[in-house]
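If you want the building blocks of each chain, they are given just below.
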Number of protein chains: 2
Amino acid sequence: MSSTITPALRRVLNAAVIQFARHGYEGASLSGIALEAGIRKASLYSHVKNKDALFMAVFEDALEMEALFARECFARPEPGLPGQNYCESLLARYADSEHFRFLLRTSYIPPASLFDELQEGYEVYMQQLLADFTTALRRHLGQISDQDAEVMGHAWMGMVDSLHVALIYIGQARFEARLNALERLMGDSIARLEQGETP
Amino acid sequence: MSSTITPALRRVLNAAVIQFARHGYEGASLSGIALEAGIRKASLYSHVKNKDALFMAVFEDALEMEALFARECFARPEPGLPGQNYCESLLARYADSEHFRFLLRTSYIPPASLFDELQEGYEVYMQQLLADFTTALRRHLGQISDQDAEVMGHAWMGMVDSLHVALIYIGQARFEARLNALERLMGDSIARLEQGETP
DNA sequence: CCAGGGCTACCTACCGGTCGGTAGCCTTTT
DNA sequence: AAAAGGCTACCGACCGGTAGGTAGCCCTGG
């Protein structure tokens with residue numbers, strides 16, 4: 001499926017993710033990407049068929065990395081709430097990972113021509129995130145009905161999207177305020193489930 | 001401050017908001033906007049100085065409309081939770097209002113050159129939204145500490161962003177699932193405040 | 001020795017923006 | 001009443017610049 005990644009192609013992909021994250025699909029130019037990679041624009045075509053293919057390659061690259069990151073968050077033991085590790089790692093991740101910034105920038109409003117493919121990939125990523133959260137939730141609470149688990153799942157995914165958005169356009173201070181507020185809401189609801197809800 | 005809007009300019013602005021909402025700042029071309037307005041590209045310059053000014057005019061237009069929409073939501077009596085009217089009107093609003101779609105598309109990731117101006121305008125919009133929610137919350141609960149009000153404000157703004165994002169890239173069914181889930185969380189937390197939290 | 005990555009040079013298409021000019025509608029002047 | 005002038009909205013033609021993409025030669029490493 002995925003062709004082998006030579007060192008030169010690796011350099012191109014890394015250059016591309018920087019430019020796409022910074023300027024978006026339309027705003028990033030192939031000459032800029034080539035410059036970043038230290039080669040000429042025409043030389044890009046030795047490695048990639050065209051701009052769309054380059055974008056998709058970067059997308060799959062980023063998706064893989066961020067899926068791995070999420071997995072690791074859920075693999076670490078969670079002191080408090082389920083999903084807490086992931087949420088609290090977001091700020092640092094946003095600062096460190098060019099690929100994460102790329103995903104955030106391009107996945108909400110993707111280039112129209114690639115919409116379907118991107119949506120499909122993003123869907124898989126989100127389903128994994130949701131599944132990881134649900135199992136963590138089930139591990140945290142001994143017993144929980146499928147309905148409740150589903151509702152909490154929707155709520156947590158909403159919380160994650162909310163934090164993602166906050167990363168993009170709110171400052172660090174308000175990100176943390178939002179994180180605390182949403183964690184309190186989640187905490188309240190989970191505590192309520194823990195006490196048992198049969199009235 | 002704001003110059004008068006002639007009928008011809010009105011047509012240009014309406015054409016522009018469609019194109020900008022559909023293709024974004026960089027993706028929308030002046031020829032496309034002119035075509036939509038039924039004139040030639042050169043004629044645009046009888047009404048606006050350049051692309052940036054056109055975009056800003058559309059932005060202020062949209063901001064005004066959506067601020068009005070939010071006001072009306074909070075003016076209506078709310079049967080359940082504070083801020084509920086606004087959240088539950090979003091789906092229909094997204095379907096109906098080109099200006100709303102424009103705001104959602106362009107405000108998270110604005111064109112770099114206009115970033116500051118846009119951020120400023122969006123900030124005002126959000127502050128009004130937050131203030132409206134806070135007064136509604138205070139009206140709903142008789143007594144609430146400033147700290148709690150602030151936390152709930154952050155949480156509700158997060159909820160709103162989450163719903164905005166859902167409008168963009170999730171289907172209608174999942175939007176409603178998310179809305180229900182988040183409303184349940186908010187309801188739980190508000191109920192907890194209602195009972196009084198001095199232990 | 002030759003395959004492949006890199007290069008220069010070039011292409012077409014389209015971008016935002018400017019130019020000179022014009023049709024038609026007011027308002028003013030005689 | 002009619003000529004004169006000004007103003008608005010519009011147009012086709014064109015500008016410099018840049019975009020994505022192609023052709024073909026050169027150089028180097030296995």
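Just so you know, these numbers come straight off a predicted model, no measurement behind them.

Trainee: Please explain the UniProt feature "domain: HTH tetR-type" (unreviewed entry) in chain A as it appears in this structure.
Mentor: Mapped onto this numbering, the UniProt entry annotates "domain: HTH tetR-type" (unreviewed entry) at residues 6-66 of chain A. What you have in residues 6-66 of chain A is 80% helix and 0% strand, and the ends, taken at the C-alpha atoms, are 21 Å apart.

Trainee: Could you clarify how one ought to interpret the side chain of Asp 188 of chain B in this entry?
Mentor: Residue placement: Asp 188 of chain B occurs in helix α9 (residues 172-194). With relative accessibility at 13%, the residue Asp 188 of chain B sits in the buried group. Beyond its immediate sequence surroundings of up to four residues, Asp 188 of chain B is in contact with Ser 189 and Arg 192 of chain A.

Trainee: Which parts of the structure should I look at to understand the environment of Pro 82 of chain A?
Mentor: Residues and elements named next belong to chain A. Relative to the helices and strands, Pro 82 is located in the loop between α4 (51-75) and α5 (84-96). Note: C-alpha distance between Pro 82 and Met 186 (104 residues apart in sequence) is 9.5 Å. In this view, Pro 82 contacts Phe 133, Ala 136, Leu 137, His 140, Trp 156 and Ile 190; residues no more than four positions away in its chain are not counted.

Trainee: Is there a simple way to explain the protein's contact with DNA strand D in this structure?
Mentor: The environment of DNA strand D is formed by 15 residues, the closest being Lys 41 and Lys 51 of chain A together with Arg 40, Ala 42 and His 47 of chain B. Counting only atoms of DNA strand D within 4 Å of the protein, the sugar-phosphate share comes to 51%. Here a phosphate oxygen of DNA strand D and a backbone polar atom of Leu 30 of chain A are 2.9 Å apart. Contacts to DNA strand D include Lys 51 of chain A, whose side-chain N or O atom sits 2.7 Å from a phosphate oxygen. Those elements that provide at least two residues to the surface near DNA strand D are α2 (30-37) and α3 (41-44) of chain A together with α3 (41-44) of chain B. Its residues assigned to classes, the surface near DNA strand D shows six nonpolar, six polar and three charged.

Trainee: Before we go on, may I ask you to explain a negative patch on the surface in this structure?
Mentor: All names here are of chain A. There is a patch of like negative charges on the surface, built from Glu 60, Glu 64, Asp 116, Glu 117 and Glu 120. Going through the elements one at a time, α4 and α7 (115-140) are the ones with two or more residues in the negative patch. If you tally residues by element for the negative patch, the top one is α7, at three residues. Mapping Glu 120 onto the fold places it in helix α7.

Trainee: When you look at the protein's contact with DNA strand C in this model, what are you seeing that I'm missing?
Mentor: Near DNA strand C, the surroundings consist of 15 residues, among which Arg 40 and His 47 of chain A together with Leu 30, Lys 41 and Lys 51 of chain B are the closest. Taking all atoms of DNA strand C within 4 Å of the protein, the share assigned to sugar and phosphate is 51%. Between DNA strand C and the protein, one listed contact pairs a phosphate oxygen with a side-chain N or O atom of Ser 29 of chain B at 3.4 Å. Those elements that place two or more of their residues in the surface near DNA strand C are α3 of chain A together with α2 (30-37) and α3 of chain B. Of the residues that constitute the surface near DNA strand C, the class distribution is six nonpolar, six polar and three charged.

Trainee: I keep staring at the UniProt feature "DNA-binding region" (unreviewed entry) in chain A and nothing clicks. Help me out?
Mentor: Under the local residue numbering, the UniProt record ascribes the feature "DNA-binding region" (unreviewed entry) to residues 29-48 of chain A. Its end C-alpha atoms 14 Å apart, residues 29-48 of chain A is made of 60% helix and 0% strand.

Trainee: How should I be thinking about the interface of chain A and chain B in this particular structure?
Mentor: Interface size is often expressed as the accessible area that is lost when the parts come together. Counting residues at the interface gives 35 residues for chain A and 36 residues for chain B. With both sides pooled, the region where chain A packs onto chain B buries about 3,300 Å², and carbon together with sulfur makes up 59% of that total. It is Ile 109, Tyr 169 and Leu 185 of chain A that lose the most area in chain A upon contact with chain B, and together they represent 21% of the buried surface on that side. Linking chain A with chain B are eight salt bridges. Residue Glu 123 of chain A is joined to Arg 174 of chain B by a salt bridge in which the shortest nitrogen-to-oxygen separation is 3.2 Å. One can count 14 residue pairs in polar contact (both at pLDDT 80 or more) joining chain A with chain B.

Trainee: Where do I start with the packing of α4 of chain A against helix α6 (residues 98-108) of chain A in this structure?
Mentor: Residue and element names in this part refer to chain A. Following both chains from N to C, one finds α4 and α6 inclined at 120 degrees, their axes separated by 9 Å at the closest point. Here α4 runs over α6; the crossing is left-handed. Counted together, Phe 55, Val 58, Phe 59, Asp 61, Ala 62, Leu 63, Met 65 and Glu 66 of α4 and His 99, Phe 100, Phe 102, Leu 103, Thr 106 and Ser 107 of α6 form the full contact between these two elements. For the contact of α4 with α6, the residue count by class is nine nonpolar, three polar and two charged.

Trainee: Help me understand the relation of the copies chain A and chain B in this model?
Mentor: A rotation about some axis, followed by a shift along it, carries one copy of the chain onto the other. With an RMSD of 0.1 Å, chain A superimposes on chain B once it is rotated by 179 degrees and translated 0.0 Å along the axis. On the angle and the small slide along the axis, the relation comes out as a two-fold axis. Taking C-alpha positions as the reference, the residue of chain A nearest the rotation axis is Ser 162 of chain A, at 2.2 Å. A symmetric contact is evident, with 100% of the interface residues of chain A recurring at the interface of chain B.

Trainee: When you look at the packing of aromatic side chains in this model, what are you seeing that I'm missing?
Mentor: Where two aromatic rings form a pair, the distance of their centres and the angle of their planes describe that pair. Taken as a whole and judged by the stated rule, the model has 26 aromatic pairs over all chains. When the centroid spacing of 5.8 Å and the interplanar angle of 65 degrees are considered together, the rings of Tyr 169 of chain A and Tyr 122 of chain B count as edge-to-face. Of this pair, Tyr 169 of chain A sits in helix α8 (residues 146-169) while Tyr 122 of chain B sits in helix α7 (residues 115-140), which puts the two residues in different chains. For the pair Tyr 169 of chain A and Tyr 122 of chain B, one class covers both residues: buried. Here the basic side chain of Arg 93 of chain A rests over the ring of Phe 69 of chain A, its NZ or CZ set 4.3 Å away from the ring centre. One Lys or Arg, Lys 51 of chain B, reaches over the ring of Tyr 25 of chain B and ends 4.7 Å from the middle of that ring.

Rules used in this analysis
- Residues numbered from 1 in each chain as written.
- Chains lettered and ligands numbered in written order.
- Predicted model: local features only at pLDDT ≥ 70, side-chain atom pairs only at ≥ 80, totals over all residues.
- Heavy atoms only, no water.
- UniProt positions renumbered as here; feature names shortened; annotations may be inferred.
- Helix = DSSP H or I, 4+ residues; strand = E, 2+ residues; numbered from the N terminus.
- Buried < 20%, exposed > 50% of the residue type's maximum accessible area, 1.4 Å probe, protein only.
- Contact = heavy atoms within 4.5 Å.
- Near = heavy atom within 4 Å.
- Polar contact = N/O pair within 3.5 Å; in protein donor to acceptor, adjacent residues only side chain to side chain.
- Nonpolar A, V, L, I, M, F, W, Y, C, P; charged D, E, K, R; others polar.
- Patch = residues over 30% accessible without salt bridge, like charges linked within 9 Å, V, L, I, M, F, W, Y side chains within 5 Å.
- Areas by Shrake-Rupley, 256 points an atom, 1.4 Å probe, with all protein chains shown as cover.
- Salt bridge = Lys/Arg side-chain N within 4 Å of Asp/Glu carboxyl O.
- Lys, Arg positive; Asp, Glu negative; His and termini not counted.
- Charge placed at Lys NZ, Arg CZ, Asp CG, Glu CD.
- Buried area = accessible area lost by both parts, 1.4 Å probe.
- Axes fitted to C-alpha atoms, helices over the stretch in contact; angles between N-to-C directions.
- Left-handed = near helix turned anticlockwise from the far one by under 90°.
- Least-squares fit on C-alpha atoms with pLDDT ≥ 70 in both.
- Phe/Tyr/Trp six-rings, centres within 6.5 Å; stacked < 30°, edge-to-face > 60°.
- Lys NZ or Arg CZ within 6 Å of the ring centre and 35° of its normal.

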